[in-house]
Structures are given as C-alpha cells and as structure tokens.
Amino acid sequence: MKLTLASALLSLFAVQDAEKSVAERYHALVAADDRAGVVALWREHPGDTLPTIDRDLEGSLALIEKAENDGVEPDRDAIAAMHARARFGALAADEAFGTTIFADYAHAFIGWNAEERKRFRAGQAAFGAARRAMKAGEHEAALKHATECENLARPLGDWWGTAMGASARGAAFSALGRAGEAIAALGSAANLYHDLRLASSEYAQWRSLAALLAQEGSKPRAALAAERALALAESLGDREGAEALAKLQAELR
C-alpha cells in the first residue's frame, strides 16, 4: 500500500511539475520575444497550448470583474501584459499547428465589451446547466441549455465554448434518439476540438460519431471516425476504448 501511495504521489507531482514547466518556459520565451521557441514549445505540448494561453485571458477577465465588483479601476498594466502575452502565444500556436483559431479566439476575448463579457459568463453557466441536466436524465432541458451555450459562444468568437456547447448538444440529441442532429453537432465539436488541440475532448466526439454513424449505416464515414478515434485512444492510453474501436472497425469492413 505504501509503495502504491508513493507511486501515485510521484505521478501527481510529475504532472504538476510538467504543467508548471510549460507555463514557466512559456513566460520566459515570451519575455525574450522568442517566437520560434514558443512555436516549438506548443508543438511539444499541444494539449497544454490552449489552457496555458487561456490562463492569461481568464486571468485578465477576473481582474476586470473584481475591479467592477469593488467599484475601483482595474490594473490596466497587468491586464495589458496578460493580453499581450496571450496574443503572442496564440499567434505562435497558429504557426505551430497551421491553424487560425487560436489568434481569433484570443483577439476576440481581448476585445469584448462589458455586455459581451456577461454573455461569455452566461454561456459558461449554460454549459454547466446542460451537464447537470444530462446527469439527471433531463435530456430536453440539457438540449435547451446546450443550445443556449453554443448560441452565446459562437458570435463572441469563443471557440472553446462553442465546441463545448456543440458537444453537449450532440450528447443531448443522441440521448433523445435524434441521430442526424447528434451527428451534425458532434462533428462540429470534433473538428473544433481538433483545431484547438484538445485531444481528449476530440476523442470523445469521434468515438460517439463512429458509433452513431455505424448505427445509421454510413459505413465510410463511420470507418473514418473510428480510425480517428482509435488513433486518439492509443495516444491517450485508453486500451479498453481502443479495443472497442478496433472491433467496430472490423464490423465495418
């Protein structure tokens, strides 16, 4: 038992050290104006890219909201520094992955006015409500909240929130037996998560899509979804999922 606990603690500390290392390296590279270094860092740690950039975006928003609640002027210098670093990191991410979504997301976030910031928070709240409704088996309510989330996020350029809303809509549609609408929503979420390099979230969408497409008789697309899901299952270390997907692939041949 002691060895198991020790191993678990070492693993936890290793993960925390790795996360800290990415953030620290990122801050140092940006301070040195080393664009190539940040590009290389993101390619080495794709899954940490958006969360690391987003800490500055959410951090700046938290400073603004606290100042508003306290009735004081926000720390403009601190906010400007966070925004500048987020822009730098997002542009480097698009260079690293051949995308456009990171810079669009960051620049949209930075440009929100007071009303848009409120809509962003409302979108986050709607996603939370959708998750709670799904857990309670209230699928119609989950669909309502998920649709609200996506409808709030998409016009803001909040692509992470848009992906979350689409994913929740897909799950609700699937639970309601509305396969065609589920496939459309899950496909949108899968592609957004892919561009955002959020592999575990992308994996969940492709896995659900593979099953639904197979159920609907769309074999070529189901096979492609299963192939993409299987590659992610293997990279994420989900052996059970990989076995299930390999079995599905065999059935689709």
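Use the structure listed above.
Residues numbered from 1 in each chain as written. Predicted model: local features only at pLDDT ≥ 70, side-chain atom pairs only at ≥ 80, totals over all residues. Heavy atoms only, no water.

What follows covers the overall build of the protein chain. Regarding its fold elements, the protein chain presents 12 helices and zero strands. Mapped in sequence order, the helices and strands of the protein chain form the string α-α-α-α-α-α-α-α-α-α-α-α. Taken over C-alpha atoms, the radius of gyration comes to 20 Å for the protein chain, in line with the 18 Å a tight globule of 253 residues would show. Projected onto its principal axes, the C-alpha positions of the protein chain cover 60 × 45 × 45 Å. Long-range pairs, those at least 24 residues apart, make up 58% of the contacts in the protein chain with a sequence separation of at least 6. As displayed, the protein chain has an accessible area near 13,200 Å², and 55% of this comes from carbon and sulfur atoms. One finds the centroid of the 29 positive side-chain charges in the protein chain at a distance of 4 Å from the centroid of its 36 negative side-chain charges. (Helix = DSSP H or I, 4+ residues; strand = E, 2+ residues; numbered from the N terminus. Rg over C-alpha atoms; globule rule 2.2 N^0.38 Å. Contact = heavy atoms within 4.5 Å. Areas by Shrake-Rupley, 256 points an atom, 1.4 Å probe, with all protein chains shown as cover. Lys, Arg positive; Asp, Glu negative; His and termini not counted. Charge placed at Lys NZ, Arg CZ, Asp CG, Glu CD.)

Here the focus is unusual backbone geometry. Phi angles above zero are rare outside glycine, and aspartate 33 is one such case at about 60 degrees. For aspartate 33, the location among the structural elements is in the loop between α1 (2–31) and α2 (35–44). Notably, arginine 197 is not glycine yet its phi reads approximately 60 degrees, a positive angle. The topology assignment puts arginine 197 in the loop between α9 (179–195) and α10 (199–215).

Now for the pattern of salt bridges. With the rule as written, the count across this model stands at 12 salt bridges. Salt-bridge contacts for arginine 121 lead to glutamate 58; the nearest nitrogen and oxygen are separated by 3.1 Å. With arginine 121 in helix α6 (residues 114–135) and glutamate 58 in helix α3 (residues 46–70), this pair connects stretches of sequence that are 63 residues apart. Residues arginine 76 and glutamate 73 are paired through a salt bridge, measuring 3.1 Å at the closest nitrogen-oxygen approach. Classification of glutamate 73 by relative accessible area gives exposed; the value is 62%. Taken together, the shared-partner salt bridges connect Glu58, Glu65 and Arg121 into one network. (Salt bridge = Lys/Arg side-chain N within 4 Å of Asp/Glu carboxyl O. Buried < 20%, exposed > 50% of the residue type's maximum accessible area, 1.4 Å probe, protein only.)

Looking now at the environment of tyrosine 203. With respect to the secondary-structure elements, tyrosine 203 resides in helix α10. Separated by 30 residues in sequence, tyrosine 203 and alanine 233 place their C-alpha atoms 7.0 Å apart.

This part takes up helix α5 (residues 101–111). For α5, the full list of buried residues reads Ile101, Phe102, Ala103, Tyr105, Ala106, Ala108 and Phe109. Where α5 is buried, its residues meet α3, α4 (76–97), α6, α7 (139–156), α8 (159–175) and α9.

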